[in-house]
Amino acid sequence: ETGVTQTPRHLVMGMTNKKSLKCEQHLGHNAMYWYKQSAKKPLELMFVYNFKEQTENNSVPSRFSPECPNSSHLFLHLHTLQPEDSALYLCASSPGQGNTEAFFGQGTRLTVV
Amino acid sequence: AQSVAQPEDQVNVAEGNPLTVKCTYSVSGNPYLFWYVQYPNRGLQFLLKYITGDNLVKGSYGFEAEFNKSQTSFHLKKPSALVSDSALYFCAETGSARQLTFGSGTQLTVLP
């Protein structure tokens, strides 16, 4: 185990649903990340939070809405998704933003129907 | 454009043989380079990193990587492959953007 926990592990949702992904770490890290992993594509960085402040939003559609209430928790709120949003969503944390290794959760496998 | 490239989508090697998974980088200045492994239905696990110092970096599970500045490469190596090493391997870097950028991944299959 890496110390980063994601829930749920699997999620199936309709295009009109609203759901949230949760990520939790108790490693004392200050930076948290959301990545999207689609088949046959490189990992895409979606959002970065450093000390609870969003520092990166890599042109992610507004149907994805992140929330970081504290340094240990990160959420990804989902609303009116499209089938092409189906992917593995990975959360990661690191001591700080920058040149340190990141620790990843096991991911949430999302299927949009 | 990607700042790290993994030229091989798939690498097959026989158990017991040495393995190499290739990575090249195009980051200017002093790159910070990483290797991660992903087993099926799991998140990424950190294997090793190069920040500065010795060009040969040793990591988890017997893996090592060599930083080669003249060839702008950071290939992952292991002297003797195990079937359990079969997984998806990612090279990554953090540059001036201070965020991890990953290569496209290489599927390693170790054949018994």
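One can find the structure itself at the top, above this paragraph.
Residues numbered from 1 in each chain as written. Chains lettered and ligands numbered in written order. Predicted model: local features only at pLDDT ≥ 70, side-chain atom pairs only at ≥ 80, totals over all residues. Heavy atoms only, no water.

Q: Outline the overall build of chain B, supporting the account with residue identities and numerical values.
A: Scanning chain B from terminus to terminus reveals zero helices and 12 strands. The secondary structure elements of chain B, listed N-terminal to C-terminal, are β-β-β-β-β-β-β-β-β-β-β-β. Its C-alpha radius of gyration of 13 Å places chain B within 12% of the 13 Å reference for a compact globule of 112 residues. Its C-alpha atoms give chain B principal-axis dimensions of roughly 40 × 30 × 20 Å. Of all 112 residues assigned to chain B, the portion counted as buried reaches 45%. Counting only contacts in chain B whose residues sit at least 6 apart along the sequence, the fraction spanning at least 24 positions is 54%. Total accessible area on chain B stands at roughly 5,300 Å², and carbon and sulfur atoms take up 49% of it. The distance from the centre of the 8 positive side-chain charges to the centre of the 8 negative ones in chain B is 7 Å. (Helix = DSSP H or I, 4+ residues; strand = E, 2+ residues; numbered from the N terminus. Rg over C-alpha atoms; globule rule 2.2 N^0.38 Å. Buried < 20%, exposed > 50% of the residue type's maximum accessible area, 1.4 Å probe, protein only. Contact = heavy atoms within 4.5 Å. Areas by Shrake-Rupley, 256 points an atom, 1.4 Å probe, with all protein chains shown as cover. Lys, Arg positive; Asp, Glu negative; His and termini not counted. Charge placed at Lys NZ, Arg CZ, Asp CG, Glu CD.)

Q: Pulling in residues and values, what's your account of the pattern of salt bridges?
A: Taken as a whole, this structure holds five salt bridges over all chains when the rule is applied. A salt bridge links arginine 63 of chain A to aspartate 85 of chain A, with the nearest nitrogen and oxygen atoms 2.7 Å apart. Here arginine 63 of chain A is found in the loop between strand E6 (53-57) and strand E7 (64-70), whereas its partner aspartate 85 of chain A is found in the loop between strand E8 (73-79) and strand E9 (87-94), with 22 residues between them in sequence. Judged by relative accessible area, aspartate 85 of chain A falls into the buried class, the value being 3%. Ionic pairing is found between glutamate 101 of chain A and lysine 49 of chain B, a salt bridge with its closest N-O pair at 2.8 Å. Taken together, the positions of glutamate 101 of chain A in the loop between E9 and strand E10 (103-104) and lysine 49 of chain B in strand E6 (residues 44-50) put the pair across two chains. (Salt bridge = Lys/Arg side-chain N within 4 Å of Asp/Glu carboxyl O.)

Q: Break down empty space enclosed by the protein for me, with residues and values.
A: Enumeration according to the criterion identifies two cavities of 30 Å³ or more in this entry. Every residue along the wall of the largest cavity is listed here: Arg9, His10, Leu88, Gln106, Gly107, Thr108 and Arg109 of chain A together with Asn41 of chain B. Residues that form the lining of the largest cavity fall into these classes: one nonpolar, five polar and two charged. (1 Å grid on protein atoms, 1.4 Å probe; cavity = no way out; pocket = protein on both sides within 12 Å on 5 of 7 lines; lining within 4 Å. Points joined across faces, edges and corners; volume = space filled by probe spheres on them. Nonpolar A, V, L, I, M, F, W, Y, C, P; charged D, E, K, R; others polar.)

Q: Now, about unusual backbone geometry: what can you tell me, with residues and values included?
A: With omega at -10 degrees, the peptide bond leading from threonine 7 of chain A into proline 8 of chain A counts as cis. As for its placement among the helices and strands, proline 8 of chain A is situated in the loop between strand E1 (4-7) and strand E2 (10-13). Positive phi is not limited to glycine here, since threonine 80 of chain A has a value of about 50 degrees. For threonine 80 of chain A, the location among the structural elements is in the loop between E8 and E9. Of the residues examined, threonine 80 of chain A reaches a relative accessible area of 33% and is grouped as partly exposed. You will see that tyrosine 61 of chain B, though not glycine, has its phi angle at about 55 degrees, which is positive. Position of tyrosine 61 of chain B relative to the elements: it lies in the loop between strand E7 (56-58) and strand E8 (64-68).

Q: Report on the pairing of E9 of chain A, specifying residues and quantitative values.
A: Residue and element names in this part refer to chain A. The buried fraction of E9 is high, at eight of eight residues. Neither face of E9 is open: one carries Ala87, Tyr89, Cys91 and Ser93, the other Leu88, Leu90, Ala92 and Ser94, and all of them are buried. Pairing geometry for strand E4 (residues 31-37) and E9, over seven bridges, is antiparallel. Within E9, the residue paired with tryptophan 34 across the bridge is cysteine 91. Two strands pair when backbone bridges link them, and E9 and strand E11 (residues 108-112) are joined in this way by three bridges, in the antiparallel orientation. From the neighbouring strand, tyrosine 89 faces E11, where its bridge partner is threonine 108. Relative to E10, E9 is paired through two bridges, and the arrangement is antiparallel. The residue of E10 that forms the bridge with serine 93 is phenylalanine 103. (Pairing = 2+ DSSP bridges.)

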